[in-house]
Amino acid sequence: MPNTALIVIDMLNDFVCSDGALYIGDTAKHVIPEIQKKISKYRSDNRTVIFVGDAHDEDDREFEMFPKHCAAGSKGAEIHKDLRPKPDEIVVRKTRFSAFYGTNLDEILREKGLDTLELCGVCTNICILYTAADARMRNYNVIVDRRCVESFDRAAHEFALKEMERTLGVKII
């Protein structure tokens, strides 16, 4: 699928490292190698890989709901060392759950002629779900490989996969 981009969402130290501010738990240990494989496959096929990650201001209102995390420029906001982008790969910084809200992601995808997005990362029931919803509202085809998404909450993870498939028309593989 040449018109498909891999969107790697929030694979940041604060979420996937045990000392991170919002560590998702041991599920991170399982999803990282799966995402590594997916990134390698896309790169070997010369397909687009885009990294998206939180980069919050120090006074972000999200910190009223969640502990302070992924402050712009902090170690916690850095992409995990095993998943680092290559110099020519795009990194999009976001401040909300959706990778589209307040970013130029849609413009980047349209300029590249991409119409299908494969989402991977964390958390399934938050940033993956809301990015999938926004992508579908923009008429992108969306794929989610269940081996490449995780959450801190198993029930919410399973609900999000069902919601994406049944309500949004996301292809779950």
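Remember, it's a predicted structure, so these values are computed and weren't measured experimentally.

Undergrad: Explain the side chain of Thr116 to me, please; I cannot follow it from the model alone.
TA: As for its position among the elements, Thr116 is in strand β4 (residues 116–122). When its relative accessible area of 7% is taken as the criterion, Thr116 is described as buried. In terms of polar contacts, Thr116 uses its side chain to reach the side chain of Asn141, at 3.2 Å. With near-sequence residues (within four places) excluded, Thr116 lies in contact with Asn3, Thr4, Ala5, Tyr140, Asn141 and Ile143.

Undergrad: Explain the pairing of strand β1 (residues 4–9) to me, please; I cannot follow it from the model alone.
TA: Two faces, one strand: in a regular strand the side chains alternate between the faces of the sheet. In terms of residue burial, β1 counts as a mostly covered element, since six of its six residues are buried. Judged by which residues are buried, β1 turns out to be covered on both faces: Thr4, Leu6 and Val8 on one side and Ala5, Ile7 and Ile9 on the other are all buried. As paired elements, β1 and strand β2 (residues 48–54) share five bridges and run parallel to each other. Looking at β2, one finds that Ile7 is bridged to Ile50.

Undergrad: I tried to follow the nonpolar core on my own but got confused; where do I start?
TA: The nonpolar side chains of a soluble globular protein tend to be buried, and buried together. If you look at the biggest cluster of nonpolar residues, it comprises 54 residues, and the most contacted ones within it are Leu109, Val144 and Met164. Counting residues per element, this core draws most heavily on helix α4 (residues 124–137), which supplies seven residues. Those residues in contact with Val144 that sit more than four places away from it in its chain are Leu119, Ile128, Val149, Leu161, Met164, Val170, Lys171, Ile172 and Ile173.

Undergrad: It is not clear to me how the pattern of salt bridges should be interpreted in this structure. Could you clarify?
TA: Any two side chains of opposite charge can pair if their charged atoms end up close together. Scanning the entire structure with this criterion turns up 20 salt bridges. Put simply, Glu34 and Lys37 hold a salt bridge, and the shortest N to O gap is 3.4 Å. With a gap of three residues between them, Glu34 and Lys37 both fall in helix α2 (residues 27–44), about one helical turn apart. Notably, a salt bridge pairs Arg110 with Asp106, separated by 3.2 Å at the nearest N-O pair. Here Arg110 and its partner Asp106 are both found in helix α3 (residues 105–111), four residues apart, which amounts to about one turn of the helix. Residue classification places Arg110 among the partly exposed positions, given a relative accessible area of 44%. Several salt bridges share partner residues, and in doing so they unite Lys38, Glu118, Asp145 and Arg147 into one network.

Undergrad: Got a minute to help me understand the state of the cysteines in this structure?
TA: Think of a disulfide as a covalent bridge from one cysteine sulfur atom to another cysteine sulfur atom. Enumeration according to the criterion identifies zero disulfides in this entry. Of the cysteine sulfurs around Cys70, a residue in no disulfide, the closest is that of Cys127, at 9.0 Å. A disulfide-free cysteine, Cys123 has its sulfur positioned 7.0 Å from the sulfur of Cys127, the nearest such atom. Judged by relative accessible area, Cys123 falls into the buried class, the value being 8%.

Undergrad: Help me understand the pairing of β2 in this model?
TA: Of all seven residues that make up β2, seven are buried, and the element is covered over most of its length. Residue alternation in β2 divides its side chains into two sets, Thr48, Ile50, Val52 and Asp54 and Val49, Phe51 and Gly53, and both sets are buried. By the bridge criterion, five bridges tie β2 to strand β3 (residues 90–94) in an arrangement that is parallel. Across the sheet, residue Asp54 finds its bridge partner in β3, namely Lys94.

Cut-offs and rules
- Residues numbered from 1 in each chain as written.
- Predicted model: local features only at pLDDT ≥ 70, side-chain atom pairs only at ≥ 80, totals over all residues.
- Heavy atoms only, no water.
- Helix = DSSP H or I, 4+ residues; strand = E, 2+ residues; numbered from the N terminus.
- Buried < 20%, exposed > 50% of the residue type's maximum accessible area, 1.4 Å probe, protein only.
- Polar contact = N/O pair within 3.5 Å; in protein donor to acceptor, adjacent residues only side chain to side chain.
- Contact = heavy atoms within 4.5 Å.
- Pairing = 2+ DSSP bridges.
- Core = buried A, V, L, I, M, F, W, Y, C linked by side-chain atoms within 4.5 Å.
- Salt bridge = Lys/Arg side-chain N within 4 Å of Asp/Glu carboxyl O.
- Disulfide = S-S within 2.5 Å.

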